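Commentary on secondary and tertiary structure
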Amino acid sequence: MQFIDLGFQQLRIREKIENNINKVLEHGKYIMGPEVKILEEKLAAFVGTKHAISCSSGTDALFMALMALNAGPGDAIITTPFTFIATAEVISLLGATPVFVDIDATTFNINPDEIAKAINAINSNDASIYPIPDSCLKSKLTTKGIIGVDLFGLPADYDGINSLAKDHKMFVIEDAAQGFGAEYNGRKASSLADIGCTSFFPAKPLGCYGDGGMCFTDNDELAEITRSIRVHGKGNHKYDNIRIGMNGRIDTIQAAILLAKFDIYAEEIELRQQVAERYINELSTHPSLVIPVIPDGYKSVWAQFSILAEDKTHRSLVQKKLKEEDIPTAVYYPLPLHLQTAFASLGYKEGDFPVSEDFSRRIFSIPMHPYLTEEDQDNIIKTIWKE
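About the cut-offs
Residues numbered from 1 in each chain as written. Predicted model: local features only at pLDDT ≥ 70, side-chain atom pairs only at ≥ 80, totals over all residues. Heavy atoms only, no water. Axes fitted to C-alpha atoms, helices over the stretch in contact; angles between N-to-C directions. Helix = DSSP H or I, 4+ residues; strand = E, 2+ residues; numbered from the N terminus. Parallel < 35°, antiparallel > 145°, perpendicular 65-115°, else oblique. Left-handed = near helix turned anticlockwise from the far one by under 90°. Contact = heavy atoms within 4.5 Å. Nonpolar A, V, L, I, M, F, W, Y, C, P; charged D, E, K, R; others polar. Buried < 20%, exposed > 50% of the residue type's maximum accessible area, 1.4 Å probe, protein only. Salt bridge = Lys/Arg side-chain N within 4 Å of Asp/Glu carboxyl O. Patch = residues over 30% accessible without salt bridge, like charges linked within 9 Å, V, L, I, M, F, W, Y side chains within 5 Å. Areas by Shrake-Rupley, 256 points an atom, 1.4 Å probe, with all protein chains shown as cover. Polar contact = N/O pair within 3.5 Å; in protein donor to acceptor, adjacent residues only side chain to side chain.

Take the packing of helix α5 (residues 112-124) against helix α7 (residues 158-167) next. Relative orientation of the contacting elements α5 and α7 amounts to 20°, with a least axis distance of 9 Å. Taken together, the axes of α5 and α7 lie roughly parallel to each other. Crossing angle aside, the handedness with which α5 passes α7 is right-handed. Residues P112, I115 and A116 of α5 form the contact with α7, whose participating residues are G160, I161 and L164.

As structure tokens, this is what we get:
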């Protein structure tokens, strides 16, 4: 059994993928070829934004967004510690300071109530209000922005996040690396902030066969700056560099692959809903496991189906039973970012973000993809109930 079955998906569209790749080989425009523009137009229409700017990875999408919004030294950027390192790594790479905020116990996403406390602590320079990095106490930082994360395919609470950002004149970036195609109050993920960023890493709900990413925005100026940053700060021509940028372009072949995959993406989202609904119906009464809850007005794209065990020992026992039946599992994420060595200089300690720390000890994910058969689902459900 596959945790994510990309092989079956490829069988469905192999001919179309090969045809699209062959077209690229024929025209030979391997960098910024016509497929790139077509992909950007199609995905912008799908998300519902004016602009889509493709790039080389989800990480680079976040990096470009922060650059376009002038994040740098002296800026505090608030985000969640319960995410992949890329979300916070890009903040540090630009010399800004990641400020972590705990998650909501229902959605696993950043908690706007905790964001409000962190903003107050930074502006007051008072760690007794809320845990903040040591650098906040040594020198006054500006609360510049917030990065929300659509964890496991479920959008964060952007009404709450955007309201706080507006009150404090902060920007908001939506890290929709896992959430492309999800919905929040009738709007698509990647359109819920000043700029939205997604990833096309192969294991993502919409993934290519390498690395790729995209930024989405309705802001004309922000889009223009992001496009410039993507190509070394390009101005009117390739040797007119008007700002510091980077090499952040997606390969044309990856765009061609994504076009083939996007043709069946709406169907795959609905197939994911069916798998998730079955899991929820069959596992929600389990006495010792906590199953995901989708609040009213939200639609998850189910990048992962993540469950909470009673504790770390219990998680290991459940994973062991599943492994005995050749059912793969994964843990996202075993250690919150504030406790990882890369961010040790921030001075956070165990106990600062209790929900994130508790969930990291209990969480595990079971197979989730559009082509999970009912037989495999039954086997997974039956094995979990045996524990």
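This part takes up the packing of helix α2 (residues 34-47) against helix α9 (residues 252-262). Two elements in contact, α2 and α9, have axes separated by 8 Å at closest approach and are oriented at 40°. It follows that α2 is oblique to α9 by the angle criterion. For the element pair α2 and α9, the recorded crossing hand is left-handed. For the pair formed by α2 and α9, the contact residues are E35, V36, I38, L39, K42, L43 and F46 on the first element and T252, A255, A256, L258, L259 and F262 on the second. In the contact of α2 with α9, the residues fall into 10 nonpolar, one polar and two charged.

Our focus in this paragraph is the environment of M368. Topologically, M368 is positioned in the loop between β12 (363-366) and α13 (374-386). What makes M368 buried here is its relative accessible area of 1%. When residues no more than four places from it in sequence are discounted, the contact partners of M368 are F3, I4, R272, V275, A276, Y279, W302, Q304 and F305.

Under the criterion given, the structure shown has 14 salt bridges. With its nearest N and O atoms 2.9 Å apart, the salt bridge here joins K320 to E324. Taken together, the positions of K320 and E324, both in helix α11 (residues 312-324) and four residues apart, correspond to about one turn of that helix. Note on K320: relative accessible area 49%, which makes it partly exposed.

Attention shifts here to a nonpolar patch on the surface. A contiguous nonpolar patch, built from L25, Y30, I31 and M32 and spanning about 370 Å² of accessible area, is present on the exposed surface. Relative to the helices and strands, I31 resides in the loop between α1 (6-27) and α2.

Below, the discussion takes up α9. Taken across its 11 residues, α9 has 10 buried, putting it largely inside the fold. Along α9, the residues classified as buried are T252, Q254, A255, A256, I257, L258, L259, A260, K261 and F262. For α9, the elements touching its buried residues are α1, α2 and α10 (265-283).

This part is about the side chain of S57. Note that S57 resides in the loop between β1 (51-55) and α3 (58-68). In this structure the side chain of S57 is engaged in a polar contact, spanning 3.4 Å, whose partner is the backbone nitrogen of T59. Residue contacts for S57: discarding those within four places in its chain leaves D211, G212 and G213.

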